[in-house]
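# Geometric and topological summary
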Amino acid sequence: SWGSFRCGGAAALLLNFHCFASTDACDSALVSKLPPSAFRSSSQLSASHAPVFAKLNKRDGAGGWSPLASKSSQWLEVDLGERTTITAVSTQGRYGSSDWLTSYLLMFSDTGHNWKQHRLEDSIGSFSGNINADSVVQHKLQQTAVARFLRLLPMGWNPGGRIGLRLEVYGCPYTSDVMSLDGEGSAVTYWWSHDKEDDEQELSLKFKSLKNCGTLLHARGASALGLSVEPDHRRLVSLGSLLDDQQWHVLAMECHAAQCNLTVDQHTETVNLPVGGIPNIPEERFQGCLENLVYNQHNLIAMVRRGDRRATVTGNVTFTCSHQTLAVAATFPGPRSFLQLPGAGALTLVPTAGVSVGLNFRTWNRDGLLFTFRLPRQGGVVWVFLSDARLCLRIQKADRVLLDLQAGSDLDDGQWHSVDLKSRGGHLSISVDKDDMAHSSPSFTVAIEKDLFVGGRQMNAFASFQGCLRQLTLGRQQVDLIMVQQRMLGTYSNLLIDMCGIIDRCSPSRCEHGGPCTQSWTHFHCNCSDSGYGGATCHSSVYEQSCEAYKHNGNTSGYFYIDVDGSGPIKPQLVYCNMTGDTRIVCIHHNTTELTPVRPSSGERQHLVPLHYPASEEQLLAVIGQSDHCQQEMAYHCRKSRLLNTPEGSPLSWWIGGVAPGGRQNYWAGAQPGSQQCACGLQGDCLDPKRYCNCDADSAEWAEDSGLLVHKESLPVRSLVLGDVWRPGSEATYRVGPLRCHGDKNFWNAAFFATETSYLHFPTFHGELSADISFLFKTGAPSGVFLENLGIRDFIRIELQSPTRVLFSFDVGNGPLEVGVDSSSPLNDERWHRVRVERNVKEASLRLDTMPAATRQAPTDGHIHLQLNSQLFIGGTASRQKGFRGCIRSLQLNGATMDLEERARITPGVRPGCPGHCDSYGALCRNHGRCMERNNGFHCDCDQSAYDGVFCHAGESGPTTSVHYAFQMEASERGGGNVSAKLPSSILSDLSLRAENVSLSFRTSQSPALLLFVSSYQREYLALLINKHVMPTKAVISQLVTVHSNLNWIVPSFVTESEEVDPNLIRLSSLGFSGCLSVVRFNSVSPLKEALLRPHGGTVHISGPLVRSNCGSPAASSPYAAHNTPHLSGERLFRYFSGQPLVNAMRTDSALIGGVIAVIIFVTVAGLAVAAKFLYRRKETYRNQEVKSGHRDESQDLAFEHQTDSQNTSGQNPKEYFI
């Protein structure tokens, strides 16, 4: 195999960190035996305070080192004589004094220049010091360092004393083989025999690069597998960052066949090698040093040095790392960092008529002032700065801008960029990276009046520069930064000279789930907008984990994204959630869910039907795993096409199902696994009693074998193999339905904690860098600990601190931090409340129910690893104090559900499960629906409601097509007889009532129109109608005349002629009703619902076809709704109708005594018209404000804007009225 490995300033590849010297006994004291010449310092208070006295536990001189002035710019340096493995550092204050350090920085170098800061953790640069002058504080380095020089920089010291230090360094000798490559063709080549080449290949090395790109490794083998990792958009993988910092980096590679693990320093990724690739060695060669180049346990550099012919070198190769540091760099770490230098005339002692300033910089910030100077004779000020990652030059005098120039782009990428400003002879130019240049010819002289300020200056409108500078030149003179460091040139503040302290906070990225990472000098940011996850690091999913969870948020059927493992690695998937029944069904479709005829290709003996699901393998298995029940329908329609044919031997057809790639299944849907039977064989009713499938009868007539596959281990179905489809006369069709699963084992997993001393324990929770915890609780207790896990110093705890406050507290080594949320109502109300907690390297957050999340930012320079080692306690603490009494449900840690019920069954004082859900979810049952308790959840009983649906939210309406419907009772019922025997008990219970309560919803463009007619056998009746010509409130009625496209036609009860009935009412009933009626209710009776749900129940008579309609309900949500958005309900719609509600009743004054009330109609009762006088009486049972603007009209009618089942009869907006 071959590969091309390139180093780059932004990327390179490498693998697991390997220590080349054993650390088993690497703890020898290294400083105590060093000669005086090995010690240097920035300054010393006196000869007796010299750095040579800074040896641990020594009392020579003044008992340690102290500098002339106690400032953070002081340093102590130790030369170990050769490159050494360093494993620990100990510090001590100056003997017999009040002088000691409280914190310090640690730097290492091979050459005494180009220092590299050693960090205690990724986010912690400083080491903690001492608390007195005599005690010893030791830090063992988590990552061992290899260096010759060590430098310690005091950052904090005893406020009552000054800087004082004694130290010791521990480690052992470091041996290595080193070679230097000049970048002009020098290389080392290793030859091996192909017949001995092993699939297992390992490579490790250390390298130091002088350029930001170049081929580090190129290999060619007998196979066609290849890998090319380039520092551009074509690369397969990008690892590492800032690799041109002239520091040592570790590369390792482990390959097995075509899969390789690659690591740069500590960042590892897995790559599958593609076939083919670039066969030639790229032109850009590596320039720098290699160390301990080991391939399959062969040290190639050592082989070259001893003349082994299997390893040869070409070009200019030396066996030392002799490259000198290109330039001394300075780090500007903060807003107070600046460097002030005299102008070029002061440096060269020759006055200048122009200006020439050059420098190299690297930064992550998009804005910052690079340098500035004043023009002679108060001519103004020159500013050179970064703005939106572009280089800008501005010359300004007072408030007037004299000149503006821009050059370059994307200069915040962390790479080195050069800047050159030149002005001479009336021509001014500024360039970036030698090629992007801007010009001008100002009418005034551009020169430095006195001083050049680099990196920042007080009292300016620009952000301070944070980054690294090197190769700073004034005129033709390069500024010696070492002289600056020694205070021999210029002045500076808050600079780190002879090092570049830039940190790539996005490599490795702390952003999870593919969220892009961007950064500034001090912070990083994760863009989670397209990831499906939220939080500071894109850790927590924004979607629910199941349809069950969406249902309990009040959602009805529709398409939803579910994330089955929460913050885990499995991505969200779009599924259809069917909420209509008692169970919430997840439907996952594939490419062939319809009945499909078999059309075999010519010469084909077996017909293969592959099934492709939009969900990934992990998503499918996770849905199946967390569901109580899964099934898939499978059907085979046949004529002269056998299916299995025999339970013995090899079947003619089979299917593949289960975990990928799936196993061969020799039974058909409806039968038992392994039976080689169909459903009819199991039931014993096949067409041919000697066969076990209907299709195996080989009949010339169409037959069918179908059923459900219910064994989760065999699901999903992945393909069908149909064997008997090639014979003449054979015909067959097949269908495999979508995967349907229901029941969420995780959502209802609960435990009841009976006492404050009862608890459950689980293994230690691992959430070192990011962790999320979510659960539901209900309790009557005022306080208690939900969860606790302890470490040596670290801990994490979630508790109910008071009846109205939930508290999340933790410590990752920076001291305890707390995040709390206060509720306006008591939380110990025996109702379910949801708690969601997240902690990551940037922040901690706590969310309670639907209240806004409370957050707490993590320290910028602090510990980030949460290190726990005790058991995880649920419902209590290790001390069994402040335990929780109540129920905890659906506990999830980093997306994984803790099985509380299983652990509760074997734990005294804790019971599995927790009933009583209607107190929390009963409000979801609307319109007089009753909440019914279930072991796992609840159910809305809609028997006493005029509405239907999972939450009794869906109104029953007329048909969806333009048809007339007639609702009328049988003539025999109108004529008398035993009426009570024919009426439902709900109607008979209202016979003694002296008042009527009528409600309905309608939409119509018709006026006049009869909405409802009810009559009794006592010749009394009630009529509800719209009539703008007869009714006195004509202005209001006119608002009810609205039109909508594809209006449905409903014919209410037909009123027969009678001298007791108003002739106008009879004429009105003959016109029928044009529009939509829904949720019709008369007292406790819902006649329209009865007609639609129980058309043969005997209480109604239907003439003509009758089907459900959504014309009285809001339009369904988009089938591609991406998140938790409840579908609008009819109830919500009626709350926001437009226009003045109107109820008109006509009824007699006489009491309804002894009569039998005949109900009707909605649109439907052919009432027996008896003579009586009728009286209009207006009832206002629902009032809403009049619409006052066209914008509000549109918003209120939005629910109907996707209706397709109405007929457009006017340009007016449709309106819904509830009476």
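In what follows, the structure referred to is the one given above.
A quick note: this is a predicted structure, and the numbers were derived from the prediction, not measured. Think of each chain on its own: its residues are numbered from 1, step by step along the sequence as written. pLDDT decides what is reported in this predicted model: residues at 70 or higher carry local features, side-chain atom pairs at 80 or more are listed and counted, and totals for whole chains, interfaces and linings draw on all residues regardless. Computation of side-chain values covers all heavy atoms of the structure but excludes hydrogens and water.

If you tally the helices and strands in the protein, you get 16 helices and 81 strands. Note on exposure labels: buried denotes an accessible area under 20% of the residue type's maximum, exposed denotes more than 50%, and partly exposed covers the range between, all computed with a 1.4 Å probe on protein chains only. Across the 1219 residues of the protein, 53% fall into the buried class. Of the roughly 53600 Å² that the protein leaves accessible, carbon and sulfur atoms contribute 49%. Per the convention used, a helix needs a DSSP run of H or I reaching at least four residues, while a strand needs a run of E reaching at least two, with both numbered from the N terminus. Each accessible area is a Shrake-Rupley estimate made with a 1.4 Å probe; only the visible protein chains count as cover when residues are assessed.

Moving on, we get to the sheet that holds strand E26 (residues 381-387). A pair of strands is treated as paired once DSSP finds two or more bridges between them. Spatial ordering of the open sheet is given by E28-E27-E26-E25-E32-E23-E35, a layout of 7 strands whose pairing is antiparallel. Every interior strand has two partners, whereas the edge strands, strand E28 (400-407) and strand E35 (491-493), have only one. Ignoring which end each strand starts from, the neighbouring axes of this sheet average 15 degrees apart. Simply put, an axis is a line fit to the C-alpha atoms, just over the touching stretch for a helix, and the angle between two N-to-C directions goes from 0 to 180 degrees.

Mapped onto the fold, Leu403 is located in strand E28. Distance from Leu403 to Ser441, taken between C-alpha atoms, is 9.8 Å for residues 38 residues apart in sequence. Here Leu403 is in contact with Leu393, Arg394, Ile395, Leu428 and Ser440, once residues within four sequence places are set aside. We call two residues in contact when some of their heavy atoms are within 4.5 Å.

Another aspect to go through is the state of the cysteines. Only a pair of cysteine sulfur atoms within 2.5 Å qualifies as a disulfide here. Under the defined criterion, the tally for this structure stands at 16 disulfides. With its sulfur 2.1 Å from that of its partner, Cys680 forms a disulfide with Cys686. Classification of the bridge connecting Cys680 and Cys686 rests on its S-S torsion, roughly 90 degrees, and on that basis the disulfide is right-handed. What makes Cys680 buried here is its relative accessible area of 6%. Disulfide partner of Cys887: Cys914, at an S-S distance of 1.7 Å. The sign of the 75 degrees torsion about the S-S bond sets the Cys887-Cys914 disulfide as right-handed. You can see Cys887 sitting in strand E64 (residues 886-893) and its partner Cys914 sitting in the loop between strand E66 (910-912) and helix H8 (918-921), a full 27 residues away along the chain.

On to the pairing of strand E10 (residues 178-182). In terms of burial, E10 is largely enclosed, as 5 of its 5 residues are buried. Residues Val178, Ser180 and Asp182 line one face of E10 and the alternating positions Met179 and Leu181 line the opposite face, and both faces are buried. Of the strand pairs in this sheet, E10 and strand E18 (residues 287-295) are connected by 5 bridges, and their pairing is antiparallel. The residue of E18 that forms the bridge with Val178 is Glu291. Alignment of E10 against strand E21 (residues 317-318), held across 2 bridges, turns out to be antiparallel. In the strand pairing of E21, Leu181 is matched with Val317.

On to the pattern of salt bridges. Proximity of charged atoms lets side chains of opposite charge pair with each other. The salt bridge definition used is simple: a Lys or Arg side-chain nitrogen within 4 Å of an Asp or Glu carboxyl oxygen. Going through the model one piece at a time under the given rule, you end up with 29 salt bridges. Among the salt bridges present, the one from Arg83 reaches Glu291, with a minimum N-O distance of 2.3 Å. Separated by 208 residues along the polypeptide, Arg83 in strand E4 (residues 76-92) and Glu291 in strand E18 bring together distant segments of the chain. Exposure remark for Arg83: the relative accessible area of 18% places this residue in the buried category. The salt bridge partner of Arg584 is Glu548, with a shortest N-O separation of 3.2 Å. In this pair, Arg584 sits in the loop between strand E42 (573-578) and strand E43 (585-588) while Glu548 sits in helix H4 (residues 547-551), placing the two residues 36 residues apart along the sequence. In this structure Arg584 comes out as buried when scored by relative accessible area, which is 7%. Its relative accessible area of 6% is what places Glu548 among the buried residues. Shared partners join several salt bridges into a network, and the residues in it are Arg83, Asp110, Lys206, Lys208 and Glu291.

With respect to topology, 4 strands assemble into an open sheet ordered E45-E50-E47-E48, the strand pairing being antiparallel. This sheet does not close on itself; its edge strands, each paired only once, are strand E45 (607-610) and strand E48 (663-665). The average angle at which neighbouring strand axes cross in this sheet is 20 degrees, direction not considered. The sheet contact formed by strand E47 (residues 654-657) and E48 spans 3 bridges and is antiparallel. Residue Ile656 lies in a different strand from E48, and its bridge partner there is Arg664.

Tracing the backbone through its elements, the reader meets Asn365 in the loop between strand E24 (355-362) and strand E25 (368-374). Residue classification places Asn365 among the buried positions, given a relative accessible area of 10%. Side-chain atoms alone can form a polar contact between residues adjacent in sequence; in general such a contact is a pair of N or O atoms within 3.5 Å, and within protein one must be able to donate a hydrogen while the other accepts it. In this structure the side chain of Asn365 is engaged in a polar contact, spanning 2.6 Å, whose partner is the backbone nitrogen of Trp521. Not counting residues up to four positions away in its chain, the partners in contact with Asn365 are Leu386, Asp412, Gln466, Ser520 and Trp521.

It is worth spelling out the packing of aromatic side chains at this point. Stacked, tilted and edge-to-face are the three classes assigned to paired rings of Phe, Tyr and Trp, where Trp is represented by its six-membered ring and a pair needs centres within 6.5 Å; plane angles under 30 degrees give stacked, over 60 edge-to-face, the rest tilted. Applying the stated criterion across every chain yields a total of 22 aromatic pairs. With centroids separated by 6.4 Å and ring planes inclined at 85 degrees, the aromatic side chains of Phe777 and Phe884 adopt a geometry described as edge-to-face. One end of the pair, Phe777, is in strand E55 (residues 771-778); the other, Phe884, is in the loop between strand E63 (872-874) and E64, with 107 residues separating them in the sequence. This pair shows no difference in class: Phe777 is buried, exactly as Phe884 is. Grouping aromatic residues by their ring pairs yields a cluster made of Phe753, Phe775, Phe777, Phe786 and Phe884. A ring is scored as having a charge over it whenever the NZ atom of a lysine or the CZ atom of an arginine sits within 6 Å of its centre and within 35 degrees of its normal. A cation over a ring is seen here: Lys842 above Phe524, with NZ or CZ 5.0 Å from the ring centre. Between the NZ or CZ atom of Arg903 and the centre of the ring of Phe762, over which it lies, the distance is 4.5 Å.

Relative to the assigned elements, Asn553 resides in the loop between H4 and strand E41 (558-562). According to the relative accessible area criterion, Asn553 is partly exposed, its value standing at 33%. Expressed as a C-alpha distance, the spacing of Asn553 and Tyr921, which sit 368 residues apart in the sequence, is 9.0 Å. For Asn553, the side chain forms a polar contact with the side chain of Glu544, separated by 2.9 Å.

By themselves, these observations are geometric and do not establish any function.
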